[in-house]
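Fold and contact review
What follows is each chain in one-letter form.
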Amino acid sequence: MTTYDTHLCLVSAQATPNLLPLLDDAWRPKKVVLACSAQMKHAAQALRAVIQTKASGMVVETLELPNAYDYAALSDSFLSYLAEHESEHIALNVTGGTKLMAVAAQEAFRSAGKPVFYVNVESDEVLVIGEKSTGQAAQPLRAKLKVHEMLRAHGYSVTTQEHPQITRELRDLTARLVDRVSSAGRALGALNALARAARDNNLRVELNRDQSSMALGDVVALFADAGLLRQQGDTLIFKDEESRFFANGGWLEAHVYEALQSLRAQHDGLTDVAMGVRVAFGGQDPRSAGKAKDKNEIDVAFLYRNTLHLIECKTANLAQGGKGDDNKATEALYKMESLLKLGGLRTRGMVVDYRGQLASSEADRQRAKESHIEIVSGVQLKDLKGTIARLWLPARQT
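Report on the accompanying structure. (Residues numbered from 1 in each chain as written. Predicted model: local features only at pLDDT ≥ 70, side-chain atom pairs only at ≥ 80, totals over all residues. Heavy atoms only, no water.)

**A closer look at the sheet that holds strand S6 (residues 125-128)**
Put simply, the rule reads: At least two bridges found by DSSP between two strands are what make those strands a pair. Secondary structure elements follow DSSP: runs of H or I no shorter than four residues count as helices, runs of E no shorter than two count as strands, and numbering proceeds from the N terminus.
Taken together, seven strands build an open sheet; the order of strands is S3-S2-S1-S4-S5-S6-S7 and the sheet is mixed. Looking at which strands have only one partner, the edges of the open sheet turn out to be strand S3 (59-64) and strand S7 (139-140). Pairing geometry for strand S1 (residues 6-10) and strand S2 (residues 31-36), over five bridges, is parallel. Bridge pairing in S2 places Leu-8 opposite Val-33.

Quick look at the structure:
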């Protein structure tokens, strides 16, 4: 198959179609030219940062473009660049940019007899459309990104992420809690509140009479058996901060994380899973890392066929009131809507709601549907792997 010394890429808010061919061994060029308008300079800087990290030694240049909607000026810019680099074996990645930018670039390359290719991000394939002699069908891309690389390519930096080793004891605990999904909701909500109160009280919290229910006692016993806490009279004492966090809903994040790790063996397109991902703006400039403020926290994130998938995990009572006039269910959907902007247009979102209040509200279900957010709740957690696979991991057609 034909490879090219230089790729000219049209920079847009969608980084993946430009990035994948640059990182693929079969397509990797010696040089990449990032053609961008003034509005896309930030996106070009973010893309450059990932290229320089993942493809050490690749030359990265920038072609500054005029108004992205001035066809004549765009055409002149592309024709002038090609005339100045007539001897280079250069190809156009036409996937990005505005539609007018793409048309102007493709016409310029066609008139100069230079090849053009298009990246199908749905199938991770490249289609060469500018070389009459190739006769090639779509070519698969093998490059695989990590969660932090995908976020960085879109202008964010990951300040914290976890790839924890979940012990057998903790897996057994989460399995027992999922088995009791129909009955343990209120008790787990009470334990959430206790664990939250213990955060600023040396990992200790006092039980009051209203919290001394048999159901709560059973749940506390499960966490005690797993070695996460102990009860001394009317006082709960958590083993350490990690144990307190696990009791404060972190167990559901771990359960989702483990389910996805298990699915990796069955789906080769599922390439990276991370938990507790904290995201800050300013990812393209390492010098600003210490100044950037965390803006978002993602419970669980993974990449499937180089598409970012984000999951929020909720064990609290989402029917309770939140800030202002919204309940916690609506707030959970608001947060996911904001998270969906992190990884480009194809980013997908899900809320895993242990107690099931989110799915019980017609208004919330409709809002989630309109925002393309999946809801997994209640007894669906008993087949979490199957539910995620059906919703998000279709088998590749052969």
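**Notes on a nonpolar patch on the surface**
Keep this limit in mind: Patch definition: residues with relative accessible area over 30% and no salt bridge; like charges joined within 9 Å; nonpolar side chains (Val, Leu, Ile, Met, Phe, Trp, Tyr) joined within 5 Å. With residues, only the protein chains shown are counted as cover, and all accessible areas are computed by Shrake-Rupley using a 1.4 Å probe. Should a side-chain nitrogen of Lys or Arg be within 4 Å of a carboxyl oxygen of Asp or Glu, the pair is scored as a salt bridge. A 1.4 Å probe rolled over the protein chains alone gives each residue an accessible area, and that area as a share of the maximum for its type sets the label: buried under 20%, exposed over 50%, partly exposed in between.
Where nonpolar side chains cluster on the molecular surface, the patch consists of Tyr-118, Leu-127 and Ile-129 and spans about 260 Å² of accessible area. Relative to the helices and strands, Ile-129 is located in the loop between S6 and S7. Judged by its relative accessible area of 43%, Ile-129 is partly exposed.

**A closer look at the packing of helix H10 (residues 328-339) against helix H12 (residues 362-370)**
Basically, it comes down to this: Axis lines are fitted through C-alpha atoms, for helices just across the contact stretch, and the angle between N-to-C directions can take any value from 0 to 180 degrees. For classification purposes, angles smaller than 35 degrees are called roughly parallel, those larger than 145 roughly antiparallel, those between 65 and 115 roughly perpendicular, and all remaining angles oblique. Contact between two residues is taken to exist if any of their heavy atoms lie within 4.5 Å; hydrogens are not considered. Think of it as three bins: nonpolar holds Ala, Val, Leu, Ile, Met, Phe, Trp, Tyr, Cys and Pro, charged holds Asp, Glu, Lys and Arg, and polar takes everything else, Gly as well.
Where H10 meets H12, the axes come as close as 10 Å, and the angle between the chain directions of the two elements is 5°. Considering the angle they form, H10 stands roughly parallel to H12. Contacts between H10 and H12 involve Ala-329, Thr-330, Leu-333, Tyr-334 and Glu-337 from the former and Asp-364, Arg-367 and Ala-368 from the latter. When its residues are assigned to classes, the contact of H10 with H12 shows four nonpolar, one polar and three charged.

**Topic: unusual backbone geometry**
The phi torsion of most residues other than glycine is negative, and most of the peptide bonds are trans. Positive phi, normally seen in glycine, also occurs at Asn-202, with a value near 55°. Note on placement: Asn-202 falls in the loop between helix H7 (185-198) and strand S9 (204-206). Exposure remark for Asn-202: the relative accessible area of 67% places this residue in the exposed category. A positive phi angle, close to 60°, is found at Asn-306, a residue other than glycine. Among the secondary structure elements, Asn-306 is positioned in the loop between strand S13 (294-304) and strand S14 (307-314). Using a relative accessible area of 3% as the deciding quantity, one classes Asn-306 as buried.

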